[in-house]
Amino acid sequence: MSNKSLGNPFDSSVSLQHSRGCGCSACATDKGASAYKADTEAATTDLVTPEDYMDRAVESAIVRGIFQHDDFNRRRFLKMVGGGTLAAALGSLLPLGAVKAAVKESSGPLEKKKLNVGFVPITCATPIIMAQPMGFYAKYGLDVDVIKTAGWAVARDKSLAGEYDASHMLTPMPLAMTMGAGSTAKPFLMPAVENINGQAIVLHVDHKDKRDPKQWKGFKFGVPFDYSMHNFLLRYYVAEHGLDPDKDIQIRVVPPPEMVANLRAGNLDGYLSPDPFNQRAVWEKVGFIHMLTKDIWEGHPCCAFACSREFAHQNPNTYAALLKSIVDATHYSAKMENRKEIAEAIAPTNYLNQPVPVIEQVLTGRYADGLGEVKNFPDRIDFDPFPWQSMAVWILTQMKRWGYVKGDVDYQKIAEDVYLTTDCANVMRSLGYEPPETSYRSHMIMGKEFDYTKPEAYVNSFAIRRDS
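Values in this document were obtained by computation on a predicted structure and should not be read as measured data. (Residues numbered from 1 in each chain as written. Predicted model: local features only at pLDDT ≥ 70, side-chain atom pairs only at ≥ 80, totals over all residues. Heavy atoms only, no water.)

A. Representation of the overall build of the protein chain in the model. When its secondary structure is counted, the protein chain shows 20 helices and 16 strands. Residues classed as buried in the protein chain amount to 56% of the 468 residues present. Put simply, 76% of the contacts in the protein chain that link residues at least 6 apart link residues at least 24 apart. Taken as a whole, the protein chain presents about 18800 Å² of accessible surface, with 50% of it coming from carbon and sulfur. (Helix = DSSP H or I, 4+ residues; strand = E, 2+ residues; numbered from the N terminus. Buried < 20%, exposed > 50% of the residue type's maximum accessible area, 1.4 Å probe, protein only. Contact = heavy atoms within 4.5 Å. Areas by Shrake-Rupley, 256 points an atom, 1.4 Å probe, with all protein chains shown as cover.)

B. Quick peek at the nonpolar core. The biggest cluster of nonpolar side chains holds 128 residues, and the ones touching the most others in it are Tyr137, Trp152, Trp216, Trp394 and Met399. Here the element with the most residues in this core is helix 10 (residues 229-240); it accounts for eight residues. Discounting chain neighbours no more than four positions away, the residues touching tyrosine 137 are Ile128, Ala131, Gln132, Leu142, Val144, Val146, Leu322, Ser325 and Ile326. Grouped together as the second largest cluster of nonpolar side chains are eight residues, Val58, Val63, Leu86 and Leu90 included. (Core = buried A, V, L, I, M, F, W, Y, C linked by side-chain atoms within 4.5 Å.)

C. Summary view of the side chain of histidine 331. Considering the arrangement of structural elements, one finds histidine 331 in helix 14 (residues 316-334). Apart from the residues lying within four places of it in its own chain, the contact partners of histidine 331 are Pro385, Met428 and Tyr433.

D. Local environment of the sheet that holds strand 11 (residues 303-308). Sheet architecture is open: five strands sit in the order 2-1-3-11-4, paired in mixed fashion. Sheet topology places strand 2 (143-148) and strand 4 (188-193) at the edges, where each strand pairs with a single neighbour. Strand-to-strand twist across the sheet, computed as the mean angle between neighbouring axes with direction ignored, equals 30°. Relative to strand 11, strand 4 is paired through four bridges, and the arrangement is antiparallel. Of the residues in strand 11, the one forming a bridge with leucine 189 is cysteine 307. Against the sheet, helix 8 (residues 152-160) contacts strand 3 (166-170), strand 4 and strand 11, and its axis sits at roughly 140° relative to strand 3. (Pairing = 2+ DSSP bridges. Axes fitted to C-alpha atoms, helices over the stretch in contact; angles between N-to-C directions.)

E. Layout of the sheet that holds strand 10 (residues 287-292). One open sheet holds the five strands; their spatial order is 8-7-9-6-10, and the pairing between them is mixed. Edge positions in the sheet fall to strand 8 (250-253) and strand 10, since each of these pairs with one other strand and no more. Looking at each pair of strands side by side, their axes are set apart by 25° on average, direction ignored. Note: strand 6 (residues 199-204) against strand 10, five bridges, orientation antiparallel. If you follow valine 202 over to strand 10, its bridge partner there is isoleucine 289. With respect to the sheet, helix 10 is in contact with strand 6, strand 7 (220-223), strand 8, strand 9 (270-274) and strand 10, its orientation differing from that of strand 9 by roughly 140°.

F. Just the environment of alanine 347, in detail. Inspection of the secondary structure assignment puts alanine 347 in the loop between helix 15 (339-346) and helix 16 (356-364). A relative accessible area of 9% means that alanine 347 is categorised as buried. What alanine 347 contacts, discounting residues up to four positions off in sequence, is Leu352, Asn353, Gln354, Val356 and Ile359.

As structure tokens, this is what we get:
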């Protein structure tokens, strides 16, 4: 079946037959290859991922079969009753989701078994890392080298160059890379979040008397990357306390493994960083935990699994197996009873290169705060793979707010092109988990509700922001 036959089978205006008389540009006798290409692309503009193509093929095959491949009768029927009615009727008679899942399960051999997957050595990467020593990649037929990467610019550049088949990324990165913000534009897909929460604001031990952000004027802060939740959460937090993050403080990009050394040397007054480097600062008695980022936004995303659209399209079976291994590992990581085992698995030199007790404090949420107290917050870090598209919209509003992108932003389209909720939901169901019924929801950040339906109004509601 050619792509031009993968038009929506529930749309009466679309031909699935493409005979000489069907009227489309691809089938007209006087049209050439360019017309065929144009019509093929037009028929599949709503299909983004390999899973979309597979779902459409299943729907098309079922509808064709019902009408005995008589496209005239199919279109006439749809004009009378509507595509939604037919789709609902089929859904009540056939377990369409199960049929699609079964087809995908038997979709063929892996195109590529040996993969390179990059990671930055932080606890946010837990599922991507532990999936190697704990056998989750092998479970789905993959031989994966997880490659330690010095920082996010390197991870981005190696992903763009195709040196990594997939990578652990910060949740804003696939959005920025797709838009060409800070790099060459190349479509990237983010079908799974790695972790939620899991970050903290750390201050140097000399600043224990400066717990009010209004006292931070002139401070130098580190974040791991411009296109990071760390940068956007720090900016949001200080701006809510009346500080302009570009004028009243300095924000510097510092690779996570270098955070503690820069704090000790006095190059930084603090940082908003991924763990284990927040806890490592306490361990080495050079910093204390001012606050956990879950207290800024409970359940905020941080890191994710991402790959180029090109990789997913060229290797659909490999992509599906890789995503399944990541989602499976993420759900395993979410269970508190597994956290100590995981801490031991990811502590070695080739992974995090950290003391096991430091990682355990992060993963279990029972930790010393550097102020003389032992805290117990089991949700200090958690693991939930579902990539809420409303979270993507919030990230895009902050990119717009702080001048990382200019002009008009099609928030919803970009969110839906990059954050692949359908792919993640399908894998979750296949593993026995129930995904959310929607991909958008409202979020509370520092007590204020974010309405994802009004992103531009949200950007303009802030007194402290960059000019568009």
